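Below, each chain spelled out in residue letters.
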Amino acid sequence: NMTFSSVTECGGLKVEFVGQRNFSAFYSAYFGEHACAATSLLNEISEQYSRENGETVNSADLMKAMLDAVESGSIDATDATVNNWVEAANEMAESLGLEGTYTYSNDRNETDIRIFASDTDGDGKYNHFVNDIGGGQYYDPWTGKTGNIADLTLATEGLGQTRNLSYTIKEGTKVLCDGAFF
């Protein structure tokens with residue numbers, strides 16, 4: 001059984017995000033303890049699913065979406081490292097029946113997914129990932145709580161502060177909630 005945290009709503013449409021340790025039983029405790037990036041990405045894909053379908057993704061479909069991304073090699077099966085953000089996002093989206101396409105984005109105005117790389121020990125490198133939920137807030141897949149992005153210390157080395165993806169929706173797709181859920 002997966003546990004969810006209800007954190008966002010738009011016009012009565014609720015999106016519930018999953019915590020990273022939910023994947024421990026399916027893969028390993030080590031995977032679950034390190035799946036913050038992969039889970040943050042999955043939560044963003046789940047949010048897009050709700051926008052397009054008007055309902056929350058069920059836990060079996062979320063498990064399958066993560067499995068599909070792991071089987072593709074875009075997420076490491078041992079330590080949950082996201083090896084390819086775009087490939088992982090597209091595998092998850094396809095698994096959930098979304099027909100749009102994710103690509104990397106450097107333009108903040110065109111970014112649909114923003115995953116923050118947090119530096120929790122002050123060495124400039126990322127130690128944890130959380131996802132942007134709009135309104136200056138983030139969702140933490142470890143604690144299951146929200147917080148203020150301004151309170152995070154973001155990574156300054158490697159790929160930097162954020163992992164940004166843009167979503168091109170399939171033409172003709174009805175969007176039930178556009179923009180942030182706040």
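In this text, all values refer to a predicted model and were calculated from it rather than measured experimentally.

Observations concerning the pairing of strand β5 (residues 128–134)
Next, step 1: Burial analysis of β5 places 7 of its 7 residues in the buried class, which makes it a mostly covered element.
Next, step 2: As paired strands, strand β4 (residues 113–118) and β5 are joined by 4 bridges and run antiparallel to one another. If you follow Ala117 over to β5, its bridge partner there is Phe129.
Next, step 3: Of the pairings in the sheet, the one linking β5 to strand β6 (residues 137–140) comprises 3 bridges and is antiparallel in character. Looking at the pairing, Asn131 lines up with Tyr139 of β6.
Next, step 4: In this structure, the hairpin formed by β5 and β6 is closed by a connection of 2 residues, where Gly135 is found at a positive phi of approximately 65°.

Section: the sheet that holds β4
Next, step 1: Ordered in space as β3-β8-β4-β5-β6-β7, the 6 strands form an open sheet in which the pairing is antiparallel. A strand with exactly one partner marks an edge of an open sheet, and here the two such strands are β3 (101–104) and β7 (145–148). Shown here is a sheet whose adjacent strand axes are inclined to one another by a mean of 35°, direction ignored.
Next, step 2: As paired elements, β6 and β7 share 4 bridges and run antiparallel to each other. Of the residues in β7, the one forming a bridge with Tyr139 is Thr146.
Next, step 3: Helix-sheet contacts for helix α2 (residues 36–53) involve β3, β4, β5, β6 and β8 (162–168), and the interaxial angle to β5 is about 20°.
Next, step 4: Helix-sheet contacts for helix α4 (residues 85–95) involve β3, β4, β5 and β8, and the interaxial angle to β3 is about 170°.

Cut-offs applied
- Residues numbered from 1 in each chain as written.
- Predicted model: local features only at pLDDT ≥ 70, side-chain atom pairs only at ≥ 80, totals over all residues.
- Heavy atoms only, no water.
- Buried < 20%, exposed > 50% of the residue type's maximum accessible area, 1.4 Å probe, protein only.
- Helix = DSSP H or I, 4+ residues; strand = E, 2+ residues; numbered from the N terminus.
- Pairing = 2+ DSSP bridges.
- Axes fitted to C-alpha atoms, helices over the stretch in contact; angles between N-to-C directions.
- Contact = heavy atoms within 4.5 Å.

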